[in-house]
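Tertiary structure, described
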Amino acid sequence: MLGIIGIVVIFVMVFGGYLLAGGKLGIILKALPFELMMIGGAATGAFLISNDGSVVKQTLRDIGKVFKGPKWKPEDYRDLLCLLFELIRLARQSPVAIEEHVESPNESSIFGKYPKILDDKYAVELICDTMRSVSMNYDDPHQVEEVLDKRLDAMHHHALHSNHALQSVADALPALGIVAAVLGVIKTMAAIDQPPEVLGKLIGGALVGTFLGVFLSYGFASPFASKVKAVVEEDLHFYQLIREVLVANLYDHATNICIEVGRQNTPSHYRPSFVDLEDALKSVKQEAA
């Protein structure tokens, strides 16, 4: 919602201010389709040249994050803590019983209670692979902890590809606007024998290219890139929570302590209160009884 409001504010303030100052939209509207074709087409071509197919698809998907915001909501963090509580408790009660949940999470009765988490392939793999490592009796918990850190770093790096791609487009747009403006000047010079009122319109149309390049860069592409990066980093907290709880489990802390470590390491705006989490865990215990 804020993304849509921001776009409306940009258009109203920029063009509203222009009109209130006595500007005429006629020249802009006449030149806009051609300038947009040159600048937008060149930016799209450069975007396709500088990225492979997977990054292009990822960027197109991630643009939606500007409007949707982070994937994981506060209730998802609570559900994740409940899921990890059930898995850790079962693993300590019966190391054999946990295998069916770790090896086939899609058929697991525990994972099935949390469909949103189950639908996230990366979160499920992170949990299952780490729980499997625990069942293999790793001698050094630091090994598993190091693997988790590397996986999270790799995921973070991959998730930021769309941010880098959008920022590259934002950086290129002002220069592409100058290219369009130069072409407009060339067109104007070809009509140098025309009266001043004609030349004025031609020069105004050429300057639309410079305006459009800067406007699209700093008004849209760069803010979109910044928002995508912010959302990616917000969602990363969800996977870091998995790391915190499972690392605490590696050091044989009590199950409730492992969950509390995760809760306290959750960002404050996502962190469930101690009472809310206790109530959720009591419900989990009652269902398992």
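Predicted, not measured: the structure shown is a model, and the values here were computed from it.

Basis of the calculations
Residues numbered from 1 in each chain as written. Predicted model: local features only at pLDDT ≥ 70, side-chain atom pairs only at ≥ 80, totals over all residues. Heavy atoms only, no water. Axes fitted to C-alpha atoms, helices over the stretch in contact; angles between N-to-C directions. Helix = DSSP H or I, 4+ residues; strand = E, 2+ residues; numbered from the N terminus. Parallel < 35°, antiparallel > 145°, perpendicular 65-115°, else oblique. Left-handed = near helix turned anticlockwise from the far one by under 90°. Contact = heavy atoms within 4.5 Å. Nonpolar A, V, L, I, M, F, W, Y, C, P; charged D, E, K, R; others polar. Phe/Tyr/Trp six-rings, centres within 6.5 Å; stacked < 30°, edge-to-face > 60°. Buried < 20%, exposed > 50% of the residue type's maximum accessible area, 1.4 Å probe, protein only. Lys NZ or Arg CZ within 6 Å of the ring centre and 35° of its normal. Core = buried A, V, L, I, M, F, W, Y, C linked by side-chain atoms within 4.5 Å. Disulfide = S-S within 2.5 Å.

**Observations concerning the packing of helix H2 (residues 25–50) against helix H11 (residues 196–250)**
The interhelical angle for the contact between H2 and H11, taken along N-to-C directions, is 55°, at an axis separation of 9 Å. Looking at the two axes, H2 sits oblique to H11. Crossing angle aside, the handedness with which H2 passes H11 is right-handed. The residues of H11 that touch H2, namely those facing Ile-27, Ile-28, Ala-31, Leu-32, Glu-35, Leu-36 and Ile-39, are Lys-201, Gly-204, Gly-205, Val-208, Gly-209, Leu-212, Gly-213 and Leu-216. Residue composition of the contact of H2 with H11, grouped by class: nine nonpolar, four polar and two charged.

**Some thoughts on the packing of aromatic side chains**
Summed over all chains, the structure comprises 14 aromatic pairs. Geometrically, the ring pair formed by Phe-11 and Phe-220 is tilted, given 5.6 Å between the ring centres and 50° between the ring planes. Of this pair, Phe-11 sits in helix H1 (residues 2–20) while Phe-220 sits in helix H11, and the two are 209 residues apart along the sequence. Phe-11 sits in the partly exposed class, given a relative accessible area of 38%. According to the relative accessible area criterion, Phe-220 is buried, its value standing at 14%. Relative to Phe-211, the ring of Phe-15 has its centre 6.0 Å away and its plane inclined at 85°; by these criteria the two rings are edge-to-face. On the criterion of sequence distance, the pair formed by Phe-15 in helix H1 and Phe-211 in helix H11 is long-range, its members being 196 residues apart. Its relative accessible area of 28% is what places Phe-211 among the partly exposed residues. Joined through ring pairs, the aromatic side chains of Trp-72, Tyr-77, Tyr-122, Phe-238, Tyr-239 and Tyr-270 make up one cluster. Looking at Arg-151, its charged tip hangs above the ring of Tyr-122, at a distance of 5.7 Å from the centre.

**With respect to the nonpolar core**
Among the nonpolar cores identified, the biggest contains 45 residues, and Ile-127 and Tyr-239 are the most heavily contacted of them. Every element with two or more residues in this core is listed here: helix H5 (74–93), helix H6 (97–103), helix H7 (115–118), helix H8 (121–135), helix H9 (141–159), H11, helix H12 (255–264) and helix H13 (274–288). Residues contacting Tyr-239, with those up to four places away along its chain left out, are Trp-72, Asp-120, Tyr-122, Ala-123, Leu-126, Leu-152 and Met-155.

**A look at the state of the cysteines**
Enumeration according to the criterion identifies zero disulfides in this entry. Looking at the unpaired Cys-82, the closest cysteine sulfur is the one in Cys-258, lying at 15 Å. Taking the relative accessible area as the measure of exposure, Cys-82 reaches 3% and is therefore buried.

**Remarks on the environment of Val-214**
Along the polypeptide, Val-214 turns up in helix H11. For the pair Val-214 and His-157, spaced 57 residues apart in sequence, the C-alpha to C-alpha distance is 28 Å. When near neighbours in sequence (up to four residues on either side) are disregarded, Val-214 contacts Pro-174 and Gly-219.

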